[in-house]
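Structural description and commentary
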Amino acid sequence: QIALTAGSSAALTAISGPMAAGSPAGMPMRGLVCTETIIVSAAVRILLAEDDRMLSEAVARALRQLGHTVHAVAGGRDADDALAAAEFDLAILDLGLPQLDGFEVLKGLRARKSALPVLVLTVRDSVDDLVTGLDLGADDYLTKPFQLAELEARVRALIRRSQSGGMPQLVHGP
């Protein structure tokens, strides 16, 4: 991942092909000043915890078509284990998971002091469940049924917010 934030400057090397007019491949380009925030990122890593197999496959396929890497699990314990063992950029979490309810997975994640963005995706449409989810640390809450375009937009928004740090930064690497 490379992030250039407005006002920062950097020396970059083109890896293949010219990156700027008159700059041959492999030649350093110095004195560049970024005028807007630019993020060039590897695939976003998403944990999808959904026990409905058909829905999980459809959502995973759609997210992969957008260029994201998706790790899908069907149970709460599997979700909790994956979140504890690996790094993700976003979690999409159903509440009605077998083994361990989605609220419990969310509690465990926040107890580990993780700031990972979490989108709750559930059939539970009561205001009480929505408030509980947000109070436990969910960043967004979407009820089923939903439109795929809305889910994709919410994913983009959560990723965008998590990638903007506020302070000028130059980041290179995963």
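Our structure's up above, just so we're on the same page.
This structure is a prediction, so every number in the text was calculated from the model and none was measured.

1. Details of the pattern of salt bridges
Pairs can form between side chains of opposite charge once their charged atoms are near each other. The tally for this structure, following the rule as stated, stands at 10 salt bridges. Across the pair lysine 107 and glutamate 104 runs a salt bridge whose closest N-O atoms are separated by 3.1 Å. Taken together, the positions of lysine 107 and glutamate 104, both in helix 3 (residues 102-111) and three residues apart, correspond to about one turn of that helix. Relative accessible area serves as the criterion here: at 38%, glutamate 104 is assigned to the partly exposed category. For aspartate 139, the salt bridge goes to arginine 110, with nearest N and O atoms at 3.2 Å. Of this pair, aspartate 139 sits in the loop between helix 4 (127-135) and strand 9 (140-143) while arginine 110 sits in helix 3; the two residues are 29 residues apart in sequence, bridging distant segments of the chain. Judged by relative accessible area, which is 38%, aspartate 139 ranks as partly exposed. Through salt bridges that share partners, Glu50, Asp94 and Lys144 make up one connected network.

The rules behind these values
- Residues numbered from 1 in each chain as written.
- Predicted model: local features only at pLDDT ≥ 70, side-chain atom pairs only at ≥ 80, totals over all residues.
- Heavy atoms only, no water.
- Salt bridge = Lys/Arg side-chain N within 4 Å of Asp/Glu carboxyl O.
- Helix = DSSP H or I, 4+ residues; strand = E, 2+ residues; numbered from the N terminus.
- Buried < 20%, exposed > 50% of the residue type's maximum accessible area, 1.4 Å probe, protein only.

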